[in-house]
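Close look at the chain arrangement
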Amino acid sequence: MERLNFDFFHRPCLEVARDLVGKVLVRRTEQGEIRLRISETEAYCGEADTACHAHKGRTKRTEVMYAEAGTLYIYLCYGMHWLLNIVTGEVDQPEAVLICACENADGPGKLTKALGITGVLNRQHITEGPLWVEDDGFECCVTTAKRVGIGYAAREDQDKPWRFKLK
């Protein structure tokens, strides 16, 4: 198992989103390590992407998206589900990958619950601390689809095939 380093995340969001599918998300807890294979991601590509939280620029909430690649962006959705994103690319270029599902956790809220992820980890770095991603050499086919749950975005952004799924 090889832990993914800064260079993996310091690339364009679409590349990272595709390449994360099939990797293993690992969470260290007091009871030991929990390992889940990533089966679905979505890319959110900067201020020009109307589906991206940073579309309207920097706010207290989105400031983390302008941080260094590999920074965790974890937020509460609908007041009940924590969602896990990993910042990619360059500093001040707000891009992030939403981890949508893992095997045995078929939804972004279900996977954060399974891994015990909350906002406490927001702004931490994926290469340090109790949450990281490993490459165990698993090879897979990845399919693309439209992102989901972004009805507020411009039609052209809703139609982009920026959802990546384990086939």
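Owing to the predicted nature of the structure, the values given are computational and were not obtained by experimental measurement.

Quick notes on the rules
In every chain, residue numbers begin from 1 and rise along the written sequence. Residue-level local features of this predicted model are given only where pLDDT is at least 70; pairs of side-chain atoms are given and counted only at 80 or more, and the full residue set underlies all totals for whole chains, interfaces and linings. Note: side-chain values were computed over all heavy atoms of the structure, leaving out hydrogens and water. We define a salt bridge as a side-chain nitrogen of Lys or Arg found within 4 Å of a carboxyl oxygen belonging to Asp or Glu. Every helix listed is a DSSP run of H or I at least four residues long, and every strand listed is a run of E at least two residues long, numbered separately from the N terminus. Each residue is assigned to one of three classes by its accessible area relative to the maximum for its type, calculated with a 1.4 Å probe on protein chains only: buried under 20%, partly exposed between the two thresholds, exposed over 50%. What counts as a ring pair is set by centres within 6.5 Å for rings of Phe, Tyr and Trp (its six-membered ring), and what kind of pair is set by the plane angle: stacked under 30 degrees, edge-to-face over 60, tilted for all other angles. Cation placement over rings: the criterion is NZ of Lys or CZ of Arg within 6 Å of the ring centroid and within 35° of the ring normal. We call two strands paired when DSSP finds no fewer than two bridges between them. By definition, the arc is the one covered by directions from the helix axis to the C-beta atoms. Pairs of residues are marked as contacts when any of their non-hydrogen atoms sit within 4.5 Å.

With respect to the pattern of salt bridges
Going through the model one piece at a time under the given rule, you end up with 13 salt bridges. With its nearest N and O atoms 2.7 Å apart, the salt bridge here joins D136 to R37. Here D136 is found in the loop between β7 (131-135) and β8 (142-145), whereas its partner R37 is found in strand β3 (residues 32-45), with 99 residues between them in sequence. Owing to a relative accessible area of 32%, D136 belongs among the partly exposed residues under this scheme. What emerges from the salt-bridge pattern is a single network uniting R11, E15 and D19.

Notes on the packing of aromatic side chains
As enumerated under the stated definition, the model contains 2 aromatic pairs in all. Seen in terms of ring centroids, F8 and F9 are 5.0 Å apart; in terms of plane orientation they differ by 75 degrees. Their pairing is edge-to-face. A cation sits over an aromatic face here: R3 above W132, 4.0 Å from the ring centre. We note R61 situated over the ring of Y75; from NZ or CZ to the ring centre the distance is 4.5 Å.

Brief notes about the pairing of strand β2 (residues 24-29)
Direction of pairing for β2 relative to β3: antiparallel, over a ladder of 6 bridges. By the bridge assignment for β3, V26 is matched with R35. A loop of 2 residues connects β2 with β3, the two strands running antiparallel in sequence.

Concerning the pairing of β3
Counted residue by residue, β3 has 10 buried out of 14 residues, so it is predominantly covered. Across 7 bridges, the pairing between β3 and strand β6 (residues 95-102) is antiparallel. Paired with E40 across the two strands is A101, which belongs to β6. Both β3 and strand β9 (residues 163-166) contribute to a ladder of 3 bridges, which runs antiparallel. Bridging across to β9, T41 finds its partner in F164.

As for helix α3 (residues 108-115)
All buried positions along α3 are accounted for by G109, L111, T112 and L115. Taken end-on, α3 shows its buried residues confined to a sector of 165 degrees, consistent with a single buried face. Along α3, the residues that are exposed and aim more than 90 degrees away from the buried face are K110 and K113. Each element contacted by the buried residues of α3 is listed here: β2, β3, β5 (81-87) and β6.

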